[in-house]
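This is what each chain is made of:
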Amino acid sequence: MNDPSRFYRWLLLVGSLVTIAYLAGAAVHENYLAQWKTVQREYRDILRQKTADDRGRELLSKFRIEMKQVSIPALGAVDRCVTCHNGIDDPRVTDAALPHRTHPGHLLDKHPVDRFGCTVCHHGQGAALTFQEAKAEDVYWDYPLLPPEMTEAACATCHDPEKLPSDQVPMLTLGLKLYKEKSCGSCHKLGGRGGTLGPALDNEGAKTRHQLIMTNVKPPYTTWNWQTAHFRDPGSIVRDSQMRNPTVTRGEALALTVLMLSEWRRDVPESYLAPDKIDQKHRDLHPIPLTGEQVYRQYCTACHGNGTYSRWDKKFGRFVPAVRGDSLVAGAPRDYLRTNIEQGRPGTQMPAWGPHAGGLHTEEITAVDEYLRAGARAAPPMPSLSLRGDSSRGLSLFLTNCAGCHGMHGRGGIAPEIGNPVFQQAATNEFIVRTIRNGRIRTAMPAFQRPEASALGDQDIADVLAYLRTLGENKNQSARTPGSTPPPPVGGKP
Amino acid sequence: MEETATQEFLHNLRTLPHSVKEACFRLGKAPESEREESQATFHNLFLHIHSVRVHLRTLSPTLTFGLGLMATASFVLTLITGVLLMVYYKPSTDLAYQSIKDIHFAVFTGRFIRNIHRWAAQFMVVVVLLHMARVFFTASYKKPREFNWLVGLGLLVITLALSFTGYLLPWDQLAYWAITIGSNIANSPRELTDAIGITKYFDPGGFQKRLLLGANYVGQDALIRFYVLHVFVLPLALVTLLGVHFWRIRKDGGLAKPEDPMGGLAEWGGERRPVFEPLATKTYGLMALVKGQRPPVNRGPENTVMSWPRLFWAELSVFMLTVATTLILAFYSDAPLKELANAAIPENPAKAPWYFLGIQELVSYSAFTGGLLIPVIVVVGLALIPFLDRRAGGEGTWFGTKSERAVFWQSFLFALAVTAGMLAFTVNYGWLRNWSPNIHQLWIIVINPGSLLVVIFAGWSILILRRKNSVRLAAVSLFTCFLVGFILLTYFATVHRGPNWHFYWWPSQWPIH
């Protein structure tokens, strides 16, 4: 039999050789093959060619091949980008190729690298030493390098985007304009102001790709690719999205994406903030009231259009009522619109817009109320009715005539819910009777007192009204005192 | 002529290398005789734990596959690289992640060192488990090695704890959510106390979790606790137990082995020696030192060879093999480092470290059964093996007793079929909660795929016990069943569990986040 240790001696030899080889390999790999060392050698050669004077030669002799970094604790940044971008603030290499080239434009005049670093504007992984890891699109890093055309989103970190010159931040400016034009605020809150149908957009730019469903997005899976694809067609990115197509061009989608990326309330030391940013923070806390028209355009048009007709909404599966029609505005009680705006319409998509809900100020609600009723003609006088209604007869009439649209028990269908407390409280009997009699112009609500066989008579309407009022009671049984009042006489006091 | 002081000094200077060597090494030269070889062994602190002569079987690569040594070697590797990492690592939630990034990018060969640390740690867990299986299947836990089996079990637990505590330190998403899951497993007794409504008065789960984390969530307190455990308490405990483990190997008579045949011949380098016939008037025991009759009375000399140098070649080669393997893995594959830990963005699926995934799969059925009851049953069961299976025989031989190999393969296939069947059933048809949503939680704690598996395995083992009339074979069947169950559950939870712990054939089918 052979010496059993023969095998072990061979094993030891092989193991040791492999160990030495890989240790040496690691040393070579780290020492000589590092990407950034090659880059720095290239840069030194460029400098050599460009150096003509003594000062240049002196600078050249000081150039060391070594890792370089800008450390800015205040911004939480350790940026090693300058290890490869050696000439970033060196005017001699404006014509060199990347990564040796000087930073384009004059931005570094006011944003010196040693004070701001790189990642506060560009994002990306500052600690990395290879481009792939610095770009960080397909490595584990929350905020990959922003594409050049979107970098302006980061300006909003320290500047008020509205105050920046639009030629410097064209995308951001366009995005801001579109946000108002497309009435995004109708459904989305931003800074505490806006609707509640969609998610609030504060800090949208702080989201990482893991917070967005990327299943239907084309790679690379970045938040901006998600945003852009989503702005082109929300339904194809988020299943069951209620958001309608904003109908934007590709450029506009990119601009809105930049706006979203700029919504990132980073904690930046005050010394880094531009004065206008501080103004903006003040303005966010104490907003200047908008005019009625501005409010309507920014917060209402996404659903109500221009407000003069009721429109069928495919996504909601129901009608969105006209809010500027003569019949509504003129026929409704004085506070009807106002109450609905302030408190919303429970059971429908209409949210509350009061100071504690949608964030509109009282004077803004007054302004939009006035804007809506401007130019409406006064309603023709209506002969008053003082018939007493029979709610059980009203029920059967309601089932025949109304439930098709307003739903069983008035719970709402394609037409608004009638049992909701805000409506019950804000709508006077006179208004309801007038609406049933005459219908609502430019809406799907027909006039029921028509010269036809099926038309409802005054008594019928009184019965329906009596029934409608029971809906409010049923709904708020707990809130009201037991043994509530009988149906009120039609045509009486509101 | 009298030597001057100058000459003496110069002479001393010339002979300096020699005298230093002589001072350091007691022998001063390579051993040439067997006597010097023994001296080389027992004059050296690190070698003297070995006996001077070693049995030839010990040198056979297929007896142990060097698994114990590999585990030790990977521990030494983690120790060395761990100290290097400690120089740069900062155990603070604000700084930890950045310090790992710095190790990764800026520290010279830092990435390589961290990779070695990670791979050595993973290798250690695997090898320790295999080592335990080796000791079991060669029946090496039997008398007088029962205590060392227990020490080994302690080392297994410490190894897992070391790996688990190290998992949190990078403070990335992987670490954060794996430890969140892990600490919820510690919290699992709460399922039982909740179900019988006594959590308010008696809450061992909550206590365990708070003891582990120092808070109700994974935060700075948890990080410091894990750090102290990882770099101080656990390594110290491991080194201590490791010393005991080695010491006991020596004191229990080296590696377990069957008795040599009468008048045995040293197969290599030995010579035929006569059987020793005892004188009736002498006892020949070294009673105070070792158990039993140690001098080879009534038998021939054992098949031993000098430990120096053959055993040390063997040990060194296994050590270097481990180092080489680890370096290769570390060179080509980076240790994972995900995004900075963020409590607001849960990983989905959040998975515990791989060696706890079998437990996590069981926890997904019932937290109490899977997270506490079954692990306790397994550990206690393992600890009891050498005390319940006491019949000598088969020591130091793979599947040494009669029909052991057959029972192993039968149990292997049985456990494979039962576990796979149970998993397939659970994935396809759900469990009690899916069939009857309002069922009391106690039912699920008692009857779930995990508890059923334990019952089936126990039943199978009892069947073997009755049929084969052998405790050892019953132990083999039970150990095999649990081993297969562990491996299969771990594999299943690693590969086939995706977001929300749903079944997927492959991770590539997971929804993209």
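Is there a simple way to think about the overall build of chain A in this case?
For chain A, the count of helices and strands is 22 helices and four strands. For 494 residues, the compact-globule estimate of 2.2 N^0.38 gives 23 Å, and chain A exceeds it by more than 25% at 34 Å. If one aligns the C-alpha atoms of chain A with their principal axes, the spans along those axes are about 110 × 80 × 40 Å. Burial statistics for chain A: of 494 residues in total, 47% are counted as buried. The contacts in chain A between residues at least 6 apart in sequence include a share of 60% that link residues at least 24 apart. Surface exposure of chain A reaches about 25,400 Å², of which carbon and sulfur atoms provide 56%. Taking the average place of the 59 positive charges on the side chains of chain A and the average place of its 52 negative ones, the gap between the two points comes to 4 Å.

Would you mind going over the overall build of chain B with me for this structure?
Assigned secondary structure in chain B consists of 20 helices and two strands. On the principal axes, the C-alpha backbone points of chain B span a range of 100 × 70 × 45 Å. Within chain B, the fraction of its 513 residues that count as buried is 47%. Put simply, of all contacts in chain B between residues at least 6 apart along the chain, 74% involve residues at least 24 apart.

Mind showing me how you'd approach a nonpolar patch on the surface here?
Residue and element names in this part refer to chain B. Side chains of Phe147, Leu150, Val376, Val380, Leu384, Phe387 and Leu388 sit close together on the surface and give an oily, nonpolar patch of about 590 Å² of accessible area. If you list the elements that add at least two residues to the nonpolar patch, you get helix H8 (146-168) and helix H15 (367-388). The dominant element in the nonpolar patch, judged by the number of residues it contributes, is H15, at five residues. If you trace the backbone, Leu384 turns up in helix H15.

Would you explain the nonpolar core in this entry?
Membership of the largest hydrophobic core comes to 78 residues, with the highest contact counts inside it found for B:Phe136, B:Phe137, B:Trp149, B:Leu168, B:Trp171, B:Val218 and B:Phe479. In terms of residue count, the dominant contributor to this core is helix H7 (residues 110-137) of chain B (eleven residues). Both domains that meet at this core, namely domain 1 (37-257 + 309-352) and domain 3 (401-513) of chain B, each give it at least three residues. One finds A:Leu146, A:Ala153, A:Leu178 and A:Phe231 within the second-largest nonpolar core, a separate group that totals 26 residues.

Is there a simple way to explain the interface of chain A and chain B in this structure?
Accessible area lost when the parts come together is the quantity often used to give the size of an interface. Taken residue by residue, the interface counts 40 residues in chain A and 39 residues in chain B. Taking both partners together, chain A and chain B bury about 3,700 Å²; carbon and sulfur atoms supply 69% of that area. Of all residues in chain A, A:Tyr8, A:Tyr22 and A:Tyr140 give up the largest surface area on contact with chain B, accounting jointly for 19% of the area buried on that side. Taken together, the connections running from chain A to chain B amount to two salt bridges. One salt bridge in this structure joins A:Glu133 and B:Arg111, with 3.4 Å as the shortest N-O distance. Linking chain A with chain B are seven residue pairs in polar contact (both at pLDDT 80 or more), by the criterion used here. Ranked by residues supplied to the side of chain A that touches chain B, first place goes to helix H1 (residues 5-31) of chain A with 16 residues. Looking at the side of chain A that touches chain B, its residues break down into 21 nonpolar, twelve polar and seven charged.

I tried to follow the domain arrangement of chain A on my own but got confused; where do I start?
Taken domain by domain, chain A comprises domain 1 (66-145), domain 2 (152-271), domain 3 (292-373) and domain 4 (391-475). For domain 2 of chain A versus domain 4 of chain A, the distance between C-alpha centres works out to 42 Å.

So what exactly am I meant to see when it comes to the packing of aromatic side chains here?
For any pair of aromatic rings, the description rests on two quantities: the centre-to-centre distance and the angle between the ring planes. Enumeration according to the criterion identifies 44 aromatic pairs over all chains in this entry. Centroid distance B:Tyr176 to B:Trp177: 5.0 Å. Interplanar angle 75 degrees. Geometry classified as edge-to-face. No difference in accessibility class separates B:Tyr176 from B:Trp177, as the two residues are buried. Ring geometry for B:Tyr355 against B:Phe356: centres 5.0 Å apart, planes inclined by 70 degrees, an arrangement best described as edge-to-face. Note on accessibility: B:Tyr355 and B:Phe356 belong to one class, buried. Members of the aromatic cluster, joined through ring pairs, are B:Phe65, B:Phe136, B:Phe137, B:Tyr141, B:Trp149, B:Trp398, B:Phe399, B:Phe408, B:Trp409, B:Phe412 and B:Phe479. Here the guanidinium or amino end of A:Arg266 rests over the ring plane of A:Trp264, the centre of that ring lying 5.0 Å away. The ring of B:Phe136 has B:Arg472 sitting right over it, with the charged end atom 4.8 Å from the ring centre.

Could you clarify how one ought to interpret the side chain of A:His123 in this entry?
Residue and element names in this part refer to chain A. For His123, the position within the fold is in the loop between helix H6 (119-122) and helix H7 (131-135). Overall, the relative accessible area of 11% leaves His123 in the buried class. Setting aside residues no more than four positions away along its own chain, His123 makes contact with Cys118, Tyr143, Pro144, Leu145, Leu146, Ala154 and Trp264.

What should I look at first to understand unusual backbone geometry in this one?
Residue and element names in this part refer to chain A. Here the bond from Leu98 into Pro99 is cis, since omega is 5 degrees, no more than 30 degrees from zero. Following the sequence through the fold, Pro99 ends up in the loop between strand S2 (77-79) and helix H4 (107-110). One non-glycine residue, His409, adopts positive backbone phi at about 55 degrees. When you line up the elements, His409 lands in the loop between helix H19 (403-406) and helix H20 (421-426). For His409, a relative accessible area of 41% puts it in the partly exposed group.

Even after reading the chapter, I still don't get the confidence of the model for chain B, so can you show me in this structure?
Predicted coordinates in areas of low pLDDT are best not read in detail. The share of residues in chain B with pLDDT of 70 or more is 93%, and the mean pLDDT across the chain is 90. The weakest mean pLDDT in chain B belongs to strand S2 (residues 304-306) of chain B at 83; the strongest belongs to helix H5 (residues 67-88) of chain B at 97.

Whenever I open this one, the side chain of A:Lys277 confuses me. Can you help?
Residues and elements named next belong to chain A. Here Lys277 is to be found in helix H12 (residues 275-285). Buried charge Lys277 goes without a salt bridge, the closest partner of opposite sign being Asp160 at 6.4 Å. In contact with Lys277, not counting residues within four places along its chain, are Ala156, Thr157, Cys158, His159 and Asp160.

What is the right way to read the environment of B:Gly381 from this model?
Residue and element names in this part refer to chain B. One can find Gly381 in helix H15. Judged by relative accessible area, which is 33%, Gly381 ranks as partly exposed. Note: C-alpha distance between Gly381 and Ala475 (94 residues apart in sequence) is 9.8 Å.

Explain the pattern of salt bridges to me, please; I cannot follow it from the model alone.
Should the charged atoms of two oppositely charged side chains come close, the side chains can pair. Per the stated rule, a full pass over the model turns up 33 salt bridges over all chains. A salt bridge links A:Asp458 to A:Arg437; its shortest N-O distance comes to 3.2 Å. Here A:Asp458 is found in helix H22 (residues 458-475), whereas its partner A:Arg437 is found in helix H21 (residues 429-438), with 21 residues between them in sequence. Given the relative accessible area of 6%, A:Arg437 is considered buried. One network of salt bridges, in which partners are shared, links A:Glu133, B:Arg111 and B:Asp334.

So what exactly am I meant to see when it comes to the packing of helix H14 (residues 357-365) of chain B against helix H20 (residues 471-495) of chain B here?
All names here are of chain B. The geometry of H14 relative to H20 is characterised by a closest axis approach of 7 Å and an angle of 80 degrees between their N-to-C directions. By the angle between their directions, the pair H14 and H20 is classed as roughly perpendicular. Together, Leu357, Gly358, Glu361 and Leu362 of H14 and Leu489, Thr490, Phe492, Ala493 and Thr494 of H20 make up the contact between the two elements. Looking at the contact of H14 with H20, its residues break down into five nonpolar, three polar and one charged.

I'm lost on the confidence of the model for chain A in this one. Help?
On average, residues of chain A score 86 in pLDDT, and 92% of them reach the 70 mark or higher. Throughout residues 475-494 of chain A the model reports pLDDT below 50, and contacts reaching past four residues in sequence, or to other chains, amount to 28 contacts.

Before we go on, may I ask you to explain the packing of H8(B) against helix H9 (residues 173-186) of chain B in this structure?
A pair of packed helices can be characterised by two numbers: the angle between their axes and the separation between those axes. Residues and elements named next belong to chain B. Interhelical geometry of H8 versus H9 gives an angle of 130 degrees and a closest axis separation of 7 Å. As the angle between them shows, H8 and H9 are arranged oblique. Touching Phe164, Tyr167 and Leu168 of H8 are Leu174, Ala175, Tyr176, Ala178, Ile179 and Gly182, all from H9. In terms of residue class, the contact of H8 with H9 is made up of eight nonpolar, one polar and no charged.

About the criteria used
Residues numbered from 1 in each chain as written. Chains lettered and ligands numbered in written order. Predicted model: local features only at pLDDT ≥ 70, side-chain atom pairs only at ≥ 80, totals over all residues. Heavy atoms only, no water. Helix = DSSP H or I, 4+ residues; strand = E, 2+ residues; numbered from the N terminus. Rg over C-alpha atoms; globule rule 2.2 N^0.38 Å. Buried < 20%, exposed > 50% of the residue type's maximum accessible area, 1.4 Å probe, protein only. Contact = heavy atoms within 4.5 Å. Areas by Shrake-Rupley, 256 points an atom, 1.4 Å probe, with all protein chains shown as cover. Lys, Arg positive; Asp, Glu negative; His and termini not counted. Charge placed at Lys NZ, Arg CZ, Asp CG, Glu CD. Patch = residues over 30% accessible without salt bridge, like charges linked within 9 Å, V, L, I, M, F, W, Y side chains within 5 Å. Salt bridge = Lys/Arg side-chain N within 4 Å of Asp/Glu carboxyl O. Core = buried A, V, L, I, M, F, W, Y, C linked by side-chain atoms within 4.5 Å. Domains from an automatic or database assignment. Buried area = accessible area lost by both parts, 1.4 Å probe. Polar contact = N/O pair within 3.5 Å; in protein donor to acceptor, adjacent residues only side chain to side chain. Nonpolar A, V, L, I, M, F, W, Y, C, P; charged D, E, K, R; others polar. Phe/Tyr/Trp six-rings, centres within 6.5 Å; stacked < 30°, edge-to-face > 60°. Lys NZ or Arg CZ within 6 Å of the ring centre and 35° of its normal. pLDDT = per-residue confidence, 0-100. Axes fitted to C-alpha atoms, helices over the stretch in contact; angles between N-to-C directions. Parallel < 35°, antiparallel > 145°, perpendicular 65-115°, else oblique.

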